[in-house]
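Secondary and tertiary structure notes
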Amino acid sequence: MISAARLLLMAAAVAMAAGCAAPLADDGAFRVDALRTVQDARSQVVTTSLVLQSSTDDKVLATSANVIATTAVSQLDTVAGTFNSIEPPPAQDDLAKQVDDALQAAQSASRQALLAIRRGDLTQIPAIQEKVDRSAHKLEELEDQLSPEQAAS
Amino acid sequence: MNKLFALTLGILTAIGGFVDIGDLVTSAVVGSRFGLNLAWVLIVGVIGICLFAEMSGRVAAVSGRATFDLIRERLGPRVGLVNLLGSTAVTALTYVAEIGGVALAIQLAADISIYLLIPVIGALVWIVLWRVKFKLIENVFGISGLCLVVFGVAVAMLNPDWHEMGTQILQPTLPETETWATYLFYAVALFGAALTPYEVFFFSSGGVEEKWKPRDLADMRLNVFIGFPLGGLLSLSIAACASLVLLPAGIQVDSLGQVVLPVVVSLGKIGLIVALIGMFSATFGAACETGLSIGYSISQFFGWQWGKFVPPIKAARFHMIILVSTIAAIGILLTTVDPVMVTEYSVVFSAIALPLTYFPILLVCNDRRYMGKYVNGRLCNVLGTIYLVVIVAAALAAIPLMIITRVGQ
């Protein structure tokens, strides 16, 4: 007969061991994580794009634009960091690289956008806006590619 | 004329004071992900809060005593204590979220780190609760909270397809990108945000503060049945704004800045400034209400002198509870926890705690010893019972849905 305390100890040990194990996802789970990452990243990039556009149109206060864009860039970094901490299954290496490339492009474009917003450098904005929108479009394509309907077909 | 002015002021205050950080964030999140396909939950929630706010207001006007004062007496100290712990924990979490919300609103206007703002805001809230008269707090923040009407103006300026919006509200469907689990999770969250427990504690204790009598019942009912639904329209317009601008763009709200983006797109700088004033007032006013509610519920349960109708020296323990909870809220926020995340959890936990708040109100309202001839009528009891079933279902579903959806992901 196992005592309640011992059972609790065993359960705690199993839980701890599970928590320490490296997160090696299976193919399906990895695709779900990738899709979620791409969706979250696109949300942040489009936010930056909207703020950039609003700054060009003189529709937003400089302080608010800076805060919203800074938060979006910081969230994008978190999303990318979380995805990079997941070890992809061997069959998904190509997908991992695709997502990683898209994330890097998005991070780079968003940072340039943030600098332009902070500096109030309106001359640079059209070129940066194009870059940001292109990275958002790339993420959208990836999102379509990873959507459950596409996966099923 | 004075009477009409007081009545109008009361209704305007109820409208402006309806929205808090939970409504702001949850409505925008829901709008950005589901369009108006969850607006029916908001309507159900507003009817529910009207129903129970009227009951708790009636208890205050007829018995001259507030909700927790009677809960302990009616349910006994043990059950009453469980009730107190559950409700106060949720209200304290909401208090943290509201102070964080004020900081985020000021940050958007002034670009100052929220970690510098949080202690200052906490101190300000405490000073206001200590020094400023109850009626003044209620009126100033309630009226200035009306600036949130700018979200409704933004909706109109965005030239929406009104027919499509009406269809989403009346014939809701599940968007292709979402699952039933997330749909239900956000339905529970929206319901929790509309029926936050502190609202009835504040409303009934406020009734005692303002010395309501049975003759004031008609005014109270006008405030509730006109003010709250119009306040609910503010939440609906925030969701509509998100559904018109953020949903098509693929933006899922996770910061307060994203909540105001549709106003920026639609109305530019002036709209943004008005929206920021509205958000500041709504969150600061709600921070005052939640802070007071913590003091009210604990003091009423233990039978201590409470309220702002007596000088602070005579209600020292009441003010001490507010001070301690304010310091704790500041401490929690300074751990760098995300206030928006705290808000999201607070509305879900609010849904879990709903039965603890609303069941005793229904019970007390049926007790002739307290209510005399003002006990619930048949219609009120039927509606109250139906809502109680919905409330219990939402409370039971909240945690499983939170786990299944990984907090709505």
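What comes next is a walk through the structure. In this text, all values refer to a predicted model and were calculated from it rather than measured experimentally.

Conventions used here
- Residues numbered from 1 in each chain as written.
- Chains lettered and ligands numbered in written order.
- Predicted model: local features only at pLDDT ≥ 70, side-chain atom pairs only at ≥ 80, totals over all residues.
- Heavy atoms only, no water.
- Helix = DSSP H or I, 4+ residues; strand = E, 2+ residues; numbered from the N terminus.
- Buried < 20%, exposed > 50% of the residue type's maximum accessible area, 1.4 Å probe, protein only.
- Contact = heavy atoms within 4.5 Å.
- Areas by Shrake-Rupley, 256 points an atom, 1.4 Å probe, with all protein chains shown as cover.
- Lys, Arg positive; Asp, Glu negative; His and termini not counted.
- Charge placed at Lys NZ, Arg CZ, Asp CG, Glu CD.
- Expected span 1.5 Å × (residues − 1).
- Bend = angle between axes of the 7 residues up to and from the residue.
- Buried area = accessible area lost by both parts, 1.4 Å probe.
- Salt bridge = Lys/Arg side-chain N within 4 Å of Asp/Glu carboxyl O.
- Polar contact = N/O pair within 3.5 Å; in protein donor to acceptor, adjacent residues only side chain to side chain.
- Patch = residues over 30% accessible without salt bridge, like charges linked within 9 Å, V, L, I, M, F, W, Y side chains within 5 Å.
- Core = buried A, V, L, I, M, F, W, Y, C linked by side-chain atoms within 4.5 Å.
- Axes fitted to C-alpha atoms, helices over the stretch in contact; angles between N-to-C directions.
- Parallel < 35°, antiparallel > 145°, perpendicular 65-115°, else oblique.
- Left-handed = near helix turned anticlockwise from the far one by under 90°.
- Nonpolar A, V, L, I, M, F, W, Y, C, P; charged D, E, K, R; others polar.

Moving on, we come to the overall build of chain B. If you tally the helices and strands in chain B, you get 17 helices and 0 strands. Projecting the C-alpha coordinates of chain B onto the three principal axes gives extents of approximately 55 × 50 × 45 Å. When each of the 409 residues of chain B is scored for burial, the buried share is 59%. Across chain B, every contact between residues at least 6 apart in sequence was considered, and the portion connecting residues at least 24 apart equals 84%. Taken as a whole, chain B presents about 15,700 Å² of accessible surface, with 71% of it coming from carbon and sulfur. Across chain B, the centroid of the 23 positively charged side chains sits 16 Å from that of the 22 negatively charged ones.

It is worth spelling out helix α17 (residues 378-404) of chain B at this point. Residue and element names in this part refer to chain B. Taking 1.5 Å per residue as the helical rise, α17 with its 27 residues ought to reach 39 Å, and the 39 Å between its terminal C-alpha atoms agrees with that figure. Of all the bends in α17, the greatest, near 35°, is centred on A398, and the proline P400 appears no more than four residues after it. When we look at burial in α17, the residues that qualify are C380, G384, Y387, L388, I391, A394, A395, A398, L401 and M402. The secondary structure elements touched by the buried residues of α17 are α3 (39-63), α10 (180-194) and α15 (339-365). Two residues or fewer past α17, R406 is found with a positive phi of approximately 50°.

Moving on: helix α12 (residues 217-249) of chain B. Three- or four-residue spacings in an α-helix give side chains the same orientation, since the helix completes a turn every 3.6 residues. Taking 1.5 Å as the rise per residue, α12 of chain B with 33 residues should run 48 Å; its terminal C-alpha atoms sit 47 Å apart, in good agreement. Two residues or fewer past α12 of chain B, G250 of chain B is found with a positive phi of approximately 85°.

Counting from both sides, the interface comprises 22 residues of chain A and, opposite them, 24 residues of chain B. Contact between chain A and chain B buries roughly 2,100 Å² in total, counting both sides, with carbon and sulfur atoms accounting for 55%. Notably, a salt bridge pairs D33 of chain A with R406 of chain B, separated by 3.9 Å at the nearest N-O pair. Our count for the contact surface shared by chain A and chain B stands at 10 residue pairs in polar contact (both at pLDDT 80 or more).

Residues and elements named next belong to chain B. Where nonpolar side chains cluster on the molecular surface, the patch consists of L379, V382, L383, I386 and V390 and spans about 420 Å² of accessible area. Position of L383 relative to the elements: it lies in helix α17. Judged by its relative accessible area of 32%, L383 falls in the partly exposed class.

This part covers unusual backbone geometry. Residue and element names in this part refer to chain B. Of note in this structure, D111 is not a glycine but carries a positive phi near 55°. Inspection of the secondary structure puts D111 in the loop between α5 (77-110) and α6 (114-131). For V407, which is not glycine, the phi dihedral falls at a positive 55°. Among the structural elements, V407 can be located in the segment after α17.

It is worth spelling out the side chain of T48 of chain A at this point. Turning to its location among the elements, T48 of chain A is positioned in helix α2 (residues 27-56). Ignoring anything within four residues of it in the chain, the contact list for T48 of chain A reads A72, S110 and A113 of chain A.

Moving on, we come to the nonpolar core. Residues and elements named next belong to chain B. Counting residues in hydrophobic clusters, the biggest one holds 180 residues, and the most contacted among them are L38, F52, F151, F228, L256, M279 and Y358. With 19 residues, helix α13 (residues 256-302) is the largest single contributor of residues to this core. When residues no more than four places from it in sequence are discounted, the contact partners of L38 are V30, Y183, Y186, A187 and L190.

Moving on: the packing of helix α2 (residues 21-34) of chain B against α15 of chain B. Residue and element names in this part refer to chain B. Closest axis-to-axis distance for the α2/α15 pair is 9 Å, and the angle between their directions is 90°. Taken together, the axes of α2 and α15 are roughly perpendicular relative to one another. Where α2 approaches α15, its residues I21, G22, V25, T26 and V29 are matched on the opposing element by V340, T343, E344 and V347.

All names here are of chain B. One way to put it is that α13 packs onto helix α14 (residues 316-333) with a least axis distance of 8 Å and a crossing angle of 130°. Between α13 and α14, the crossing angle belongs to the class labelled oblique. Of the two elements, α13 crosses α14, and the hand of that crossing is right-handed. Touching G291, L292, I294, G295, Y296, I298 and S299 of α13 are F318, I321, I322 and S325, all from α14. Residues of the contact of α13 with α14, tallied by class, amount to 7 nonpolar, 4 polar and no charged.

That's the geometry; what it means functionally is another story.
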